[in-house]
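Structure at a glance
So the chains spell out like this:
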Amino acid sequence: MNSKSNIQDFVSNSSKDRESRPGEKTTPLPYFLISPETDTQGPPRQNRPHILVVDDEEYICEVIKEMLSSEEYQIETITDPERALEFIRTQQVDLVLTDLIMGKKSGVDVLNQTVKSHPDGIVILMTGHPTIENAVTVLKSGAYDYLVKPFSMDTLKAVIKRGLEKQRLYRENINLKETVSLYKISEAMGSTIKLDFLLNLILETAIKELEADMASVLLLDEKSNRLIPKASLGVPLEMKKSGLLNGQDNISKWVIKHGKPRVCDKDQIGQRFLSYNLRKNIRSVVIHPLMAKGKVIGILVLIRCEGQISPFTTGQLHSLSIIASKAASAIENSRLYEELKESYLQTLTALANAVEARDIYTRGHTERVCQMAQSLCREMGWDEEKLWEVKMGGILHDIGKIGVPDAILNKAQALTDEEFEVMKKHPLSGAKILEDISFLAPAIPYVLYHHERFDGKGYPFGLRNDQIPIQGRLMAVVDTFDAMTSDRPYRKAKSLKMALKEIEECAGTQFDPQIARLFLNAWEKGRINKRKLQVKKNHKF
């Protein structure tokens with residue numbers, strides 16, 4: 001405020017507004033003169049809107065503070081614009097009431113700092129020299145309103161109440177969106193056990209909810225006690241190699257040790273862990289522990305780059321802690337599921353090996369078929385879930401042989417028609433063994449249909465073409481290939497070259513022609529690991 005007349009007008013108007021009207025109660029003492037013990041009305045002080053008044057005239061600050069003393073606000077007054085800017089940078093502020101012209105600094109500087117540090121903050125400009133140009137400038141810069149001095153107490157109170165109401169609705173809308181978003185995230189995390197998908201979901205969620213530019217998840221390896229990078233989003237290749245995103249920096253180690261999050265700026269990250277060229281573009285970093293069953297299982301790293309309106313704040317750690325908690329639980333569940341799957345697989349492998357041990361002529365057959373089936377599965381473009389299923393199918397495809405008598409299973413001569421009929425029952429027997437175990441249900445098509453032929457001359461049902469489930473058509477190719485390249489008591493193994501030629505020649509009769517071509521293509525391009533097949537030395541191309 002730059003003229004005595006404006007001050008007198010301002011004081012005069014405020015004094016008139018403060019005169020008692022008929023039927024009106026006397027204005028109570030300003031809240032800052034009432035002790036906490038006697039102030040029993042209204043919300044707790046810490047929950048009241050925090051208002052900052054900035055004017056280089058101390059008297060004007062006091063007048064405005066007195067005007068608002070009957071309201072349930074926390075009011076701070078500052079006459080030094082530079083100190084006001086620092087206060088806004090470091091303290092929580094809901095509404096700023098600032099003079100437009102204050103020496104070297106202006107109300108626009110205060111406005112810009114408020115918008116930068118408190119995106120939902122309300123700023124009201126005051127001036128005794130109004131112009132249309134000034135009004136347009138401040139409103140375009142993000143001010144909520146523009147007061148022309150002198151103004152009445154009622155006008156001041158009304159504009160502040162409107163501004164705070166707008167802020168309240170905005171915050172409620174943001175909180176509702178966050179609540180709905182976090183609920184959806186929790187549901188999504190709880191519905192998947194695929195670690196890769198889960199980690200990407202965590203990163204996408206964290207970047208969206210916390211307005212970050214980059215995110216990375218590192219999980220703690222229990223054996224080495226080292227952080228291992230597992231997934232990242234938006235991170236340049238050169239930064240992925242840095243100590244910061246490899247868990248080698250001191251801040252990550254502190255978070256792991258104490259199980260608490262840390263927010264830091266680029267200057268707190270040593271040059272040893274992030275080069276100057278990478279650090280200069282960083283504005284803020286938050287490292288949050290992932291906790292499961294009271295133990296740290298990893299960290300979530302979020303990075304904001306220069307150009308963001310503000311660094312990460314302590315308040316934003318609340319939303320991040322919810323995401324991190326749900327993420328850690330989901331990751332732990334995924335780990336437990338994988339461990340359970342591995343235990344099942346080991347049990348199944350032991351069972352298959354026990355069956356195979358009864359047949360002295362097919363030792364290693366299950367392992368080789370399983371390896372080729374997985375390679376063919378990849379060649380067909382199947383996903384990881386299907387890859388797991390084909391692995392189970394490969395291990396268990398001959399499980400029905402557990403019911404075939406040793407005399408037939410190990411007969412050195414060709415089987416009689418009656419004996420072959422017994423042997424032909426093993427797919428049905430295998431399916432019967434698995435049918436009541438829901439976990440093993442995906443393996444049943446591999447077990448039941450791997451002896452069906454594309455031309456309908458196979459067993460046990462004589463299905464043809466697409467009547468045969470694709471799992472059976474896939475298994476038929478790899479199972480037959482291994483059988484042809486293995487010695488039998490009644491015949492010698494065929495060479496790999498001859499077996500490949502027979503697969504090619506039988507495409508469309510014994511085998512699905514498309515799957516046969518994919519198998520041959522995978523073999524030609526080296527996608528089937530021949531060493532793992534443990535092919536005998538006398539096999540020649």
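Everything numeric here is computed off the predicted structure, so don't read it as measured data. Position numbers for residues count from 1 along each chain, tracking the sequence in the order it is written. Two thresholds apply to this predicted model, a pLDDT of at least 70 for residue-level local features and 80 or more for giving and counting side-chain atom pairs, whereas whole-chain, interface and lining totals are computed over all residues. For side-chain calculations, the full set of non-hydrogen atoms in the structure is used, while hydrogens and water are omitted.

1. Some remarks on the overall build of the protein
We count it as follows: Secondary structure elements are defined from DSSP: runs of H or I of at least 4 residues count as helices, runs of E of at least 2 residues count as strands, and each element is numbered from the N terminus. The buried label goes to any residue with under 20% of its type's maximum accessible area, the exposed label to any with over 50%, and the partly exposed label to all in between, with areas taken from a 1.4 Å probe on protein chains only. Surface exposure here means Shrake-Rupley accessible area, sampled with a 1.4 Å probe, where a residue is shielded only by the protein chains that are shown.
Along its length, the protein carries 20 helices and 12 strands. By residue count, 46% of the 541 residues in the protein fall in the buried class. As displayed, the protein has an accessible area near 28,400 Å², and 51% of this comes from carbon and sulfur atoms.

2. Some details on the environment of T90
When you line up the elements, T90 lands in helix α3 (residues 81-90). A sequence separation of 27 residues divides T90 from S117, and the C-alpha atoms of the two residues are 8.4 Å apart.

3. A short note on the packing of helix α11 (residues 317-357) against helix α13 (residues 384-396)
Stated formally: Note on definitions: angles span 0 to 180 degrees between N-to-C directions of axes, and those axes are lines fitted to C-alpha atoms, for helices only across the stretch in contact. Angular relationships are summarised with four words: roughly parallel below 35 degrees, roughly antiparallel beyond 145, roughly perpendicular across 65 to 115, and oblique for the angles in between. Handedness of a helix crossing follows the sense of rotation of the near helix relative to the far helix, less than a right angle counterclockwise being left-handed and clockwise being right-handed. Whether two residues are in contact is decided by their heavy atoms: any pair within 4.5 Å suffices. As a working rule, the residues Ala, Val, Leu, Ile, Met, Phe, Trp, Tyr, Cys and Pro are called nonpolar, Asp, Glu, Lys and Arg charged, and the rest polar, with Gly in that last group.
Two elements in contact, α11 and α13, have axes whose closest approach is 9 Å; the angle formed by their N-to-C orientations is 20 degrees. The orientation of α11 with respect to α13, classified from their angle, is roughly parallel. In the crossing of α11 with α13, the sense of the turn from one axis to the other is left-handed. Residues K341, L345, L348, T349 and A352 of α11 form the contact with α13, whose participating residues are W388, K391, M392, I395 and L396. Its residues assigned to classes, the contact of α11 with α13 comprises 7 nonpolar, 1 polar and 2 charged.

4. Comments concerning the pairing of strand β12 (residues 295-305)
So the rule is basically this: Pairing between strands is defined by DSSP: at least two bridges between the two strands are required.
Of all the 11 residues making up β12, 10 are buried; the element is thus mostly covered by neighbouring parts of the structure. Here 6 bridges tie strand β8 (residues 214-221) to β12, and the two strands are oriented antiparallel to one another. Bridge assignment links S216 to a residue of β12, and that residue is V301. One ladder, built from 10 bridges, connects strand β11 (residues 282-292) with β12; its direction is antiparallel. Pairing of V285 across the sheet is with I303, part of β12. Linking β11 to β12, which pair antiparallel, is a turn of 2 residues; within it K293 sits at a positive phi near 55 degrees.

5. With respect to the sheet that holds strand β1 (residues 50-54)
Spatial strand order, β2-β1-β3-β6-β7: 5 strands in an open sheet with parallel pairing. On the outer flanks of this sheet lie β2 (74-78) and β7 (145-148), each paired with one strand and no other. The mean angle between the axes of side-by-side strands here comes to 20 degrees, regardless of whether they run parallel or antiparallel. In this fold helix α2 (residues 58-67) packs onto β1, β2, β3 (95-99) and β6 (122-127), with an angle of close to 170 degrees to the strand it touches most, β2.

6. Focus on the sheet that holds β11
Strand order in the open sheet formed by 5 strands is β9-β8-β12-β11-β10, with antiparallel pairing between adjacent strands. A strand with exactly one partner marks an edge of an open sheet, and here the two such strands are β9 (226-233) and β10 (262-264). Mean inter-strand twist for the sheet, computed between neighbouring axes without regard to direction, equals 20 degrees.

7. Section: the environment of R488
Here R488 is to be found in the loop between α18 (470-484) and α19 (496-505). Residues R488 and A412, 76 residues apart in the sequence, show an inter-C-alpha distance of 8.0 Å.

8. Description of the pairing of β3
Taken residue by residue, a regular strand's side chains alternate between the two faces of the sheet. For β3, a buried count of 5 out of 5 residues is recorded, marking the element as mostly surrounded by other parts of the structure. Here β3 shows a buried face lined by L95, L97 and D99 and a second buried face lined by V96 and T98. Relative to β3, β1 is paired through 4 bridges, and the arrangement is parallel. Bridging from a neighbouring strand, L52 pairs with V96 of β3. Where β3 lies against β6, 5 bridges are found, and the strand directions are parallel. Bridging from a neighbouring strand, V96 pairs with V123 of β6.

9. Some points on the side chain of T480
Tracing the backbone shows T480 in helix α18. Those residues in contact with T480 that lie beyond four places of it in its chain are Q510 and F511.

10. Description of unusual backbone geometry
Cis geometry is found at the peptide bond from K149 to P150, where omega equals -5 degrees. Mapped onto the elements, P150 comes out in the loop between β7 and α6 (153-190). In this model, E211 sits at a positive phi of 50 degrees, which is unusual for a non-glycine residue. Within the fold, E211 resides in the loop between α7 (195-210) and β8. Its identity is not glycine, yet K293 carries a phi of approximately 55 degrees, on the positive side.

11. Details of helix α9 (residues 250-258)
To keep it simple, the criterion reads: For this quantity, the arc is that covered by the directions from the helix axis to the C-beta atoms. For this analysis, a polar contact is any N or O atom pair within 3.5 Å, provided that within protein one partner can donate a hydrogen and the other can accept it, and provided that sequence-adjacent residues contribute only side-chain to side-chain pairs.
Listed in full, the buried residues belonging to α9 are I251, S252 and V255. The buried side chains of α9 occupy one side of the element, clustering within an arc of 100 degrees when seen end-on. Elements that come into contact with the buried residues of α9 comprise β9, β10, β11 and β12. Two or three places before I251, at the opening of α9, D249 has a side-chain oxygen 3.3 Å from that residue's backbone nitrogen. The positive-phi residue at the C-terminal boundary of α9 is G259, with phi of around 65 degrees.

12. What about the pattern of salt bridges?
Rule in force here: Put simply, a salt bridge is a Lys or Arg side-chain nitrogen that is within 4 Å of an Asp or Glu carboxyl oxygen.
Scanning all chains against the criterion turns up 19 salt bridges. Among the ionic pairs, K386 bridges to E389, the shortest N-O distance being 3.6 Å. Note that K386 and E389 are positioned in helix α13 at a spacing of 3 residues, about one turn of the helix. For K386, a relative accessible area of 34% gives the class partly exposed. Owing to a relative accessible area of 13%, E389 belongs among the buried residues under this scheme. Of the charged contacts in the structure, one is a salt bridge between R453 and D455, with a shortest N-O distance of 2.8 Å.

13. Observations regarding the packing of α7 against α11
With their axes 10 Å apart at the nearest point, α7 and α11 run at an angle of 180 degrees to one another. Viewed along their axes, α7 and α11 adopt a mutual orientation that is roughly antiparallel. On the side of α7, the interface is formed by L195, L198, L199, I202, T205, A206, E209 and L210, while α11 contributes L320, I323, A327, A330, I331 and S334. Taken together, the residues of the contact of α7 with α11 break down into 11 nonpolar, 2 polar and 1 charged.

14. Digging into a nonpolar patch on the surface
For clarity, the cut-off: Each patch groups residues whose relative accessible area exceeds 30% and which form no salt bridge, using 9 Å between like charges and 5 Å between nonpolar side chains of Val, Leu, Ile, Met, Phe, Trp and Tyr.
Together, L351, I402 and I433 make up an exposed nonpolar region whose accessible area comes to about 240 Å². With relative accessibility at 39%, the residue I433 sits in the partly exposed group.

15. Let's talk about the nonpolar core
So the rule is basically this: Grouping buried Ala, Val, Leu, Ile, Met, Phe, Trp, Tyr and Cys residues that are joined through side-chain atoms within 4.5 Å yields what is termed a nonpolar core.
Counting 28 residues, the largest nonpolar core has V478, F481, I503 and F519 as its most contacted members. Listing elements by their share of this core, those giving two or more residues are α12 (365-379), α13, α18, α19 and α20 (513-524). Those residues in contact with F481 that sit more than four places away from it in its chain are M372, L496, A499, L500, I503, F519 and W523. L198, L199, A212 and I297 belong to the second largest nonpolar core, which has 27 residues in total.

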